[in-house]
Amino acid sequence: MTDRSQAPEAVIVAGGFGSRLLPLTARRPKHLLDVGGVPFLEHQISRLAEAGVRHVVLATSYHADQFEPVLGDGSRWGIRLSYVLEEVPLGTGGAIRNVADALDPDPDGAVVILNGDVLSGHDLAAQLKDFDTPRGEESVAVSLHLVEVADARAFGCVPTDENGRVLDFVEKSDNPVTNQVNAGCYIFRRSVIDTIPTGREVSVERETFPGLVGEGRLVVGYVETAYWRDVGTPQALVDASRDVVRGIAPTPAIGAAGEARIDPAARVAAAASVAGGSGVMAGARIDDGAVVSGSVIMTGARIGAGAQVTDSVVGPGAVVGSDAVVEGSTIGDDARVTAGVRLEPGTRVDCATTV
Ligand code: GDD
Ligand code: MG
């Protein structure tokens, strides 16, 4: 077993464009979208702190300047938070390599890497312990949290042998060989990070993991069935937020569960109903007779009298007119839904437009 006095460090790769979340990501990174009443990354950072991580590095690119004003220096969680910018996105592997100088150089150290859009309740401390459990002479190069999904096509497919050794890594294929997929939480031996090429785009999924497995390095799966969701689409954002508010998704980032989480600086009329796991952010206003269910109402948005908003995201500053009906839809920043209009489920309204 590695004798480590240092607490593990972590990297969150948070530089993707979040295109599947447009229009919500037109003006901000997906990693800062409100989930359960707080910016998404607060769930991940608080989990890392809870598992004993004391230094977290954010690998940022798209709208990189927005992270620090929201998340600060980490003191809120009793950790140190650093930010490393990629002027040009370097891919998931390039992003990890690009933060190497910000990490402790001890080659045997453990570095937790998180995809910055995964809400997970798995036991990170147990994954770290498993990573440092000796397997004969070989030490583990990388540990991958793996989960089972019904349809593996949108994920990295990861077959393992009976000892949990990873046999292959096939990113997003039409004919996945197993439903066991990459859950986006890795533990890297620190020295492995230095083997990733510098100065060019590298995909950890398409290049680094298949390369390590091909070289015969010990890559292991850590299989745990706990709450898990990739928050990469508006539907997933709504589902994740509702699960956080209702306490279905375990997270140290918020307190008591309930039917709604309403910021003290939001105004909800006495005759309005906000329930079904809804989250309402500061400055939002919900008028008399409005019914908001299972939805995310972002900063400064307004829901008019008698409007019905179900399983939807209403972006910052957007207005849903009185008696409008919005279901399973996504309303961009500063957009307007005209009073009395009924939107088709699945509608996306671009920022600053009127429907
Ligand atoms: N810094 C940086 N630079 N971050 C990046 C870059 C980049 O160039 N490209 C992507 N990222 C970040 C994204 O912001 C996100 O946090 C993470 O890397 C993964 O990217 P996604 O775009 O969300 O990938 P995905 O959801 O299609 O697939 C990934 O996650 C699945 C699990 O949710 C893969 O890792 C799959 O193998 C995995 O199954
Ligand atoms: Mg994703």
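Owing to the predicted nature of the structure, the values given are computational and were not obtained by experimental measurement.

(A) Layout of the sheet that holds strand β27 (residues 336–337). Strand order in the open sheet formed by five strands is β15-β18-β21-β24-β27, and the pairing between neighbours is parallel. Looking along the sheet, the strands with just one partner apiece sit at the ends: β15 (267–268) and β27. Bridge count for strand β18 (residues 285–286) against strand β21 (residues 302–303) is two bridges, and the pairing is parallel. Counterpart to Arg285 in the pairing with β21 is Arg302.

(B) Focus on the pattern of salt bridges. For the structure shown, the criterion picks out 19 salt bridges. Here Arg246 ties to Glu259 by a salt bridge, and the two come within 3.1 Å at their closest N and O atoms. You can see Arg246 sitting in the loop between α7 (234–245) and β14 (260–262) and its partner Glu259 sitting in the loop between α7 and β14, a full 13 residues away along the chain. Using a relative accessible area of 42% as the deciding quantity, one classes Glu259 as partly exposed.

(C) Local environment of the coordination of the magnesium ion (ligand 2). Taken together, the protein donors to the magnesium ion (ligand 2) comprise Asp117 (OD) and Asp230 (OD), at separations of 2.1 to 2.3 Å. Pair noted here: Asp117 is in the loop between β6 (110–115) and β7 (118–120) and Asp230 is in strand β13 (residues 228–230), with a separation of 113 residues, a long-range link.

(D) Seen up close, the domain arrangement of the chain. Taken domain by domain, the chain comprises domain 1 (9–230) and domain 2 (259–349). Its C-alpha centre places domain 1 at a distance of 33 Å from the equivalent point of domain 2. Across the interface of domain 1 and domain 2, roughly 1,000 Å² is buried in total on both sides, 54% from carbon and sulfur atoms. When residues of domain 1 are sorted by the area they lose upon contact with domain 2, Pro23, Leu24 and Asp34 head the list and together hold 49% of the total. Inspection of the region where domain 1 meets domain 2 yields three salt bridges. Measuring nitrogen to oxygen at the nearest pair gives 4.0 Å for the salt bridge that ties Arg27 to Asp333.

(E) Molecular detail of the site of ligand 1. Around ligand 1, 28 residues are found, and the nearest of them are Gly91, Glu171, Asn182, Glu205 and Asp230. Between Gly15 and ligand 1, the recorded distance is 2.9 Å, taken from a backbone N or O atom to a nitrogen atom. A breakdown of the residues in the shell around ligand 1 according to their chemical character gives eleven nonpolar, nine polar and eight charged.

(F) Looking closely at the packing of aromatic side chains. Evaluated as defined, the whole model comprises six aromatic pairs. For the ring pair Tyr186 and Phe209, a centre distance of 4.9 Å and an interplane angle of 75° mean the geometry is edge-to-face. One end of the pair, Tyr186, is in strand β11 (residues 180–189); the other, Phe209, is in helix α6 (residues 204–214), with 23 residues separating them in the sequence. Note on accessibility: Tyr186 and Phe209 belong to one class, buried. Within the aromatic cluster, the residues linked to one another by ring pairs are Phe169, Tyr186, Phe188 and Phe209.

(G) Structural context of α6. Within α6 the residues assigned to the buried category are Val204, Glu205, Thr208, Phe209, Leu212 and Val213. Along the axis of α6, the buried residues cluster in a sector spanning 125°; they form a single face. The outward face of α6, more than 90 degrees from its buried face, is lined by the exposed residues Arg206 and Gly214. Tucked into the core, α6 has its buried residues touching α3 (91–98), β8 (142–148), β10 (170–171), β11, α5 (190–193) and β12 (219–223). Once α6 ends, the next one or two residues include Gly216, with phi positive near 85°.

Thresholds, definitions, all that
Residues numbered from 1 in each chain as written. Chains lettered and ligands numbered in written order. Predicted model: local features only at pLDDT ≥ 70, side-chain atom pairs only at ≥ 80, totals over all residues. Heavy atoms only, no water. Pairing = 2+ DSSP bridges. Helix = DSSP H or I, 4+ residues; strand = E, 2+ residues; numbered from the N terminus. Salt bridge = Lys/Arg side-chain N within 4 Å of Asp/Glu carboxyl O. Buried < 20%, exposed > 50% of the residue type's maximum accessible area, 1.4 Å probe, protein only. Donors = N, O, S within 2.8 Å, 3.2 Å for Na, K, Ca; no water. Domains from an automatic or database assignment. Buried area = accessible area lost by both parts, 1.4 Å probe. Near = heavy atom within 4 Å. Polar contact = N/O pair within 3.5 Å; in protein donor to acceptor, adjacent residues only side chain to side chain. Nonpolar A, V, L, I, M, F, W, Y, C, P; charged D, E, K, R; others polar. Phe/Tyr/Trp six-rings, centres within 6.5 Å; stacked < 30°, edge-to-face > 60°. Arc of directions from axis to C-beta. Contact = heavy atoms within 4.5 Å.

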